[in-house]
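Here is what each chain is made of, one letter per residue.
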Amino acid sequence: MTNYILALDQGTTSSRAILFDEAGKIAATAQQEFPQIFPRPGWVEHNPHDIWRTQRDVARAVLDQHKVRASDVAAIGITNQRETTIIWDRATGEPVYNAIVWQCRRTAPLCDTIKADGFDWAIRKKTGLVTDAYFSGTKVAWLLDNVPGVRERAERGELAFGTVDTWLIWNLSGGKLHITDPSNASRTLLYNIYNGSWDEEILAYLKIPAALLPQVRPSSEIYGETVGHILGAPVRLAGIAGDQQAATFGQVCLSPGMAKNTYGTGSFVLMNTGDSGVRSESGLLTTLAWQLAGQKVVYALEGSVFISGAAVQWLRDGLQIIKSAPEVEELAASVESADGVYFVPAFVGLGAPHWDAYARGTLVGLTRGTTRAHIARATLNAIALQSKDVLDAMHHDSGITLSALRVDGGASKNSLLMQIQADLLGVPVQRPAVTETTALGAAYLAGLAVGFWPDVGTLAAQWSIERTFEPRMSDTERDQMIAGWQRAIERAKGWENG
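Residues numbered from 1 in each chain as written. Predicted model: local features only at pLDDT ≥ 70, side-chain atom pairs only at ≥ 80, totals over all residues. Heavy atoms only, no water.

### Things to note about the sheet that holds strand S16 (residues 267-274)
Reading across from one edge, S17-S18-S16-S15-S21-S22-S23 is the order of the seven strands in this open sheet, with mixed pairing throughout. The sheet terminates laterally at strand S17 (285-291) and strand S23 (465-469), the two strands that pair on one side only. Neighbour-to-neighbour, the strand axes of this sheet turn through a mean angle of 30°, independent of strand direction. Pairing of strand S15 (residues 259-263) with S16 involves five bridges; the strand directions are antiparallel. Note on S16: the bridge partner recorded for Asn261 is Val269. In the packing of helix H10 (residues 243-250) onto the sheet, contacts are made with S15, S16, S17, strand S18 (297-305) and strand S21 (405-408), and the angle to S17 comes to roughly 60°. (Pairing = 2+ DSSP bridges. Helix = DSSP H or I, 4+ residues; strand = E, 2+ residues; numbered from the N terminus. Axes fitted to C-alpha atoms, helices over the stretch in contact; angles between N-to-C directions. Contact = heavy atoms within 4.5 Å.)

And the structure:
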């Protein structure tokens, strides 16, 4: 009997493994953090060996902890931090450099050059993305141009590029599989989301050899299996999706117009737009959500907020005004409002809908009466206000009026934050019974591929609400809060440029 699906959830600060049963419930979970590397201001790296080691170890740990054999696992689904870029040697599996993380801003000057050349229009038209250091393509170009010998080795076909999903599957399969899925490919700046292929014109412009690139396979399909010694027996590899698309699938946002927000290191809002890509006029991304085997790709509009939960980590580690992240809720709730204080957590620039790589974190409206509680409250307000900016832009682009927002991720457990979000949006916020929807989405994709779940209708029937937050704020108070936020955003923009 294969009683479980194993989801590997490789995130920005930790690797997790979660076992799901047939009811979509969590049977066991294991998690391990790994080091963040900051070589220069604005640069963020990971050691690829740390990513693989922690992910392998938690996969083993979750099976051991629940006394589950590899033969009890029907399949593995993988979800991952997106855009993070790794190049490694095809023969040895040795990375040529650290992973360049999605948060890293080192390629902002290259993005400026692309815009000055006028080539950003071609990237936008073909990939649905804006030209920003966030995405993988310019990171690949940087590695080719700045790490000695890498360009020559890449042109000889000796090297492989991948986002984190590709790196994990390469290692899990013992180097047999060099693949990705449409959701991750669509985040590289190199993939034409309308014809479903790596784009030759963009590759030529960025001088990236096609030999580096992985094969793109559906998000739900049996790709192969793990090498036996990793978990004790081979297990089928059958699902891949970037973390935000996986969360959207885990929230069962299967119909056009359904939307979710994941509150993690950043906040990521996705709205299903069906089998056609809605081109954004408001600084959003048109992206691929997923592709089930034998079916058309599903598109989504996405707004990415770079710093969300990471702002609470900064209160803990930087300002040291709280000892643990969950403490922020009680501290923020000890005051009725932020008392005119606004915090724009643009530590690595601003994402959608502003796209300002040179914005920096800003704290405004301080008085002698400001306390750490007001700063905590302003931090929760900022997380919700950034997401509202994105959802307003989605409404403008799609013409769809949001009826409710499904939420997940670590910070969705903060009930005060969820209430603030409902107040600012003016629509109900729905928190599901299972908030680990990123991992659940990866499990669902893998489970569908191997017949563990018969169809998507079964998945929709499993989704249930733990709590709904209804809006309570007056229109006047909401309008005042938003007006103050917009003033604060303007002060944060372009700071690094003077």
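### A short note on the pattern of salt bridges
Between side chains of opposite charge, a pair can form when the charged atoms approach closely. This structure, assessed with the given rule, holds 26 salt bridges. Across the pair Asp9 and Arg16 runs a salt bridge whose closest N-O atoms are separated by 2.7 Å. Like Arg16, Asp9 is buried. Between Arg187 and Glu83 there is a salt bridge, with its nearest N and O atoms 2.7 Å apart. Here Glu83 lies in the loop between strand S5 (73-80) and strand S6 (86-89) and Arg187 lies in the loop between helix H7 (182-185) and strand S10 (191-192), a separation of 104 residues in the sequence. (Salt bridge = Lys/Arg side-chain N within 4 Å of Asp/Glu carboxyl O. Buried < 20%, exposed > 50% of the residue type's maximum accessible area, 1.4 Å probe, protein only.)

### A short note on helix H15 (residues 437-450)
A turn of α-helix holds 3.6 residues, and therefore any two residues three or four places apart point the same way. Helix length check: H15 (14 residues) gives 20 Å between terminal C-alpha atoms against 20 Å at 1.5 Å per residue, within 8%. Extensive coverage of H15 is indicated by the burial of 13 of its 14 residues. (Expected span 1.5 Å × (residues − 1).)

### Some thoughts on the pairing of strand S22 (residues 429-432)
Burial along S22 is two-sided: the face carrying Val429 and Arg431 and the face carrying Gln430 and Pro432 are both buried. The pairing of S21 with S22 spans two bridges and is classified as parallel. Each residue of the ladder has a partner; that of Arg406, found in S22, is Gln430. One crossover worth recording links S21 to the parallel S22 by way of helix H14 (residues 415-425), and it is right-handed. Two elements, S22 and S23, share four bridges in a ladder whose sense is antiparallel. Bridge assignment links Pro432 to a residue of S23, and that residue is Ile465. (Right-handed = clockwise from strand over helix to strand, strands pointing away.)

### Focus on the packing of aromatic side chains
Aromatic ring pairs are defined here through the distance separating the ring centres and the angle between the ring planes. Inspection of every chain in the model, using the stated rule, returns 21 aromatic pairs. Seen from their ring centres, Tyr134 and Phe306 are 5.0 Å apart, and the 65° between their planes marks the pair as edge-to-face. Placement of the pair is Tyr134 in the loop between helix H3 (120-127) and helix H4 (136-146) and Phe306 in the loop between S18 and helix H11 (309-317), with a sequence separation of 172 residues. Judged on exposure class, the residue Tyr134 and its partner Phe306 are both buried. Centroid distance Tyr444 to Trp453: 5.0 Å. Interplanar angle 90°. Geometry classified as edge-to-face. The residues Tyr444 and Trp453 share a single accessibility class, namely buried. Linked through ring pairs, Trp102, Tyr134, Phe135, Phe268, Phe306 and Trp355 together constitute an aromatic cluster. One Lys or Arg, Arg106, reaches over the ring of Trp142 and ends 4.6 Å from the middle of that ring. Its guanidinium or amino end placed over the ring of Trp463, Arg406 lies 3.5 Å from that ring's centre, counting from NZ or CZ. (Phe/Tyr/Trp six-rings, centres within 6.5 Å; stacked < 30°, edge-to-face > 60°. Lys NZ or Arg CZ within 6 Å of the ring centre and 35° of its normal.)

These results come straight from atomic positions and should not be treated as a statement about function.
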